[in-house]
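What follows is each chain in one-letter form.
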Amino acid sequence: MAPPHVPEIILYLADEAHDLWHRTEEELEAIGLPPPFWAFAWAGGQGLARYVLDNPECARGRSVLDFATGSGLVAIAAAKAGAARVTAADIDPFCEAAVTLNAAANGVSVLFSGDDLIGHDEGWDTVLAGDVFYDRAFTDRLVPWFTALAARGAKVLVGDPGRSYLPKERLGRLAVYKVPVTRALEDAEVKRTTVWSLAR
């Protein structure tokens, strides 16, 4: 199906969001695996993908990292925008299958990395991150890394629907969208989602 805010892209997504999320979360927790973030098009990712498609110069001809890729939505948008090379990264092992299937469904080529890339720099020109500031400890790891990447010249873009730990003081607003979302997973049917650029 096509995410509502990015109809140019089709993804394999869960259509019974609430039941799948809770059933799978419980089952996976029992064996120590993460919830199925890859099965949903989250608001931050939809907003960021929309921005990339509408502003292809942020990806065109560039080496792009889509960090915490989930379904691969943002990576696919970057590939469609003409990126020279796109790496979709996520430590959830199920994401590799999701990204591979979704990229194929959209006729684009996307590499996958299952490594924890925080603190690493493989020379990406653009780093994209949708909906990553939901946890304080994770944010505390991300901010120094994103700051270092921006300081050496990478364009770091973040899509965020108002998560609690967004470091607004370090960011510049680029665009704001009203993104339809699944009420079963969010606290509203439409999330005001902002795309931000990390200042150097």
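That block above? That's the structure.
Residues numbered from 1 in each chain as written. Predicted model: local features only at pLDDT ≥ 70, side-chain atom pairs only at ≥ 80, totals over all residues. Heavy atoms only, no water.

Right, let's get into empty space enclosed by the protein. Applying the stated criterion across every chain yields a total of one cavity of 30 Å³ or more. Put simply, the largest cavity is a space of about 40 Å³. Lining the largest cavity are F133, V143, F146, V156, V158, P167, L171 and L198. The set of elements that each furnish at least two residues to the lining of the largest cavity consists of α5 (136–151) and β5 (155–160). (1 Å grid on protein atoms, 1.4 Å probe; cavity = no way out; pocket = protein on both sides within 12 Å on 5 of 7 lines; lining within 4 Å. Points joined across faces, edges and corners; volume = space filled by probe spheres on them. Helix = DSSP H or I, 4+ residues; strand = E, 2+ residues; numbered from the N terminus.)

Counting residues in each nonpolar core, the largest one holds 36 residues, and the members touching the most others are I9, V52, A78, V86, V110 and L128. Looking at this core, the elements with two or more residues in it are α2 (43–54), α3 (73–80), β2 (85–89), α4 (94–105) and β6 (171–180). Top element by residues in this core is α3. It accounts for seven residues. Not counting the four nearest positions on each side in its chain, V86 is found in contact with V64, A75, A78, A79, V110 and L111. Counting 24 residues, the second-largest nonpolar core is a separate cluster that includes A89, L117, F133 and L171. (Core = buried A, V, L, I, M, F, W, Y, C linked by side-chain atoms within 4.5 Å. Buried < 20%, exposed > 50% of the residue type's maximum accessible area, 1.4 Å probe, protein only. Contact = heavy atoms within 4.5 Å.)

A few words on the packing of α2 against α3. Relative orientation of the contacting elements α2 and α3 amounts to 5 degrees, with a least axis distance of 9 Å. Our classification of the angle between α2 and α3 gives roughly parallel. Note on element contacts: α3 touches α2 through L73, V74, A77, A78 and K80, opposite G45, Q46, L48, A49, V52 and L53. (Axes fitted to C-alpha atoms, helices over the stretch in contact; angles between N-to-C directions. Parallel < 35°, antiparallel > 145°, perpendicular 65-115°, else oblique.)

Our focus in this paragraph is the sheet that holds β6. Spatially, seven strands are ordered β3-β2-β1-β4-β5-β7-β6 in an open sheet, and the strand pairing comes out mixed. What marks the edges here is a single partner per strand, and that holds for β3 (111–113) and β6. Averaged over neighbouring strand pairs, the angle between their axes works out to 20 degrees when direction is ignored. Alignment of strand β4 (residues 126–130) against β5, held across five bridges, turns out to be parallel. Residue pairing for β5: G130 is matched across the bridge by G159. Relative to β6, α2 is tilted by about 110 degrees, and along the sheet it contacts β4, β5, β6 and β7 (190–198). Packing of α3 onto the sheet brings it into contact with β1 (63–67), β2 and β4, and relative to β2 it is tilted by some 180 degrees. (Pairing = 2+ DSSP bridges.)

In total, this model carries five salt bridges according to the counting rule given. For R50, the salt bridge is made with E8, and the minimal N-O distance between the two is 2.6 Å. With R50 in helix α2 and E8 in the segment before α1 (17–30), this residue pair connects regions lying 42 residues apart in the sequence. Look at R50 and you get buried, because its relative accessible area is 11%. One salt bridge connects D116 with R141, and the closest N-O pair in it is separated by 2.9 Å. Remark: R141 occurs in helix α5 and D116 occurs in the loop between β3 and β4; sequence separation between them is 25 residues. A relative accessible area of 35% means that D116 is categorised as partly exposed. Among the ionic contacts, a cluster of salt bridges with common partners joins E8, R50 and D54. (Salt bridge = Lys/Arg side-chain N within 4 Å of Asp/Glu carboxyl O.)

This part takes up the packing of aromatic side chains. Scanning the entire structure with this criterion turns up nine aromatic pairs. Seen in terms of ring centroids, F67 and F138 are 6.1 Å apart; in terms of plane orientation they differ by 25 degrees. Their pairing is stacked. With F67 in strand β1 and F138 in helix α5, this pair connects stretches of sequence that are 71 residues apart. A connected cluster of aromatic rings, assembled from ring pairs, spans F67, W124, F133, Y134, F138, W145 and F146. (Phe/Tyr/Trp six-rings, centres within 6.5 Å; stacked < 30°, edge-to-face > 60°.)

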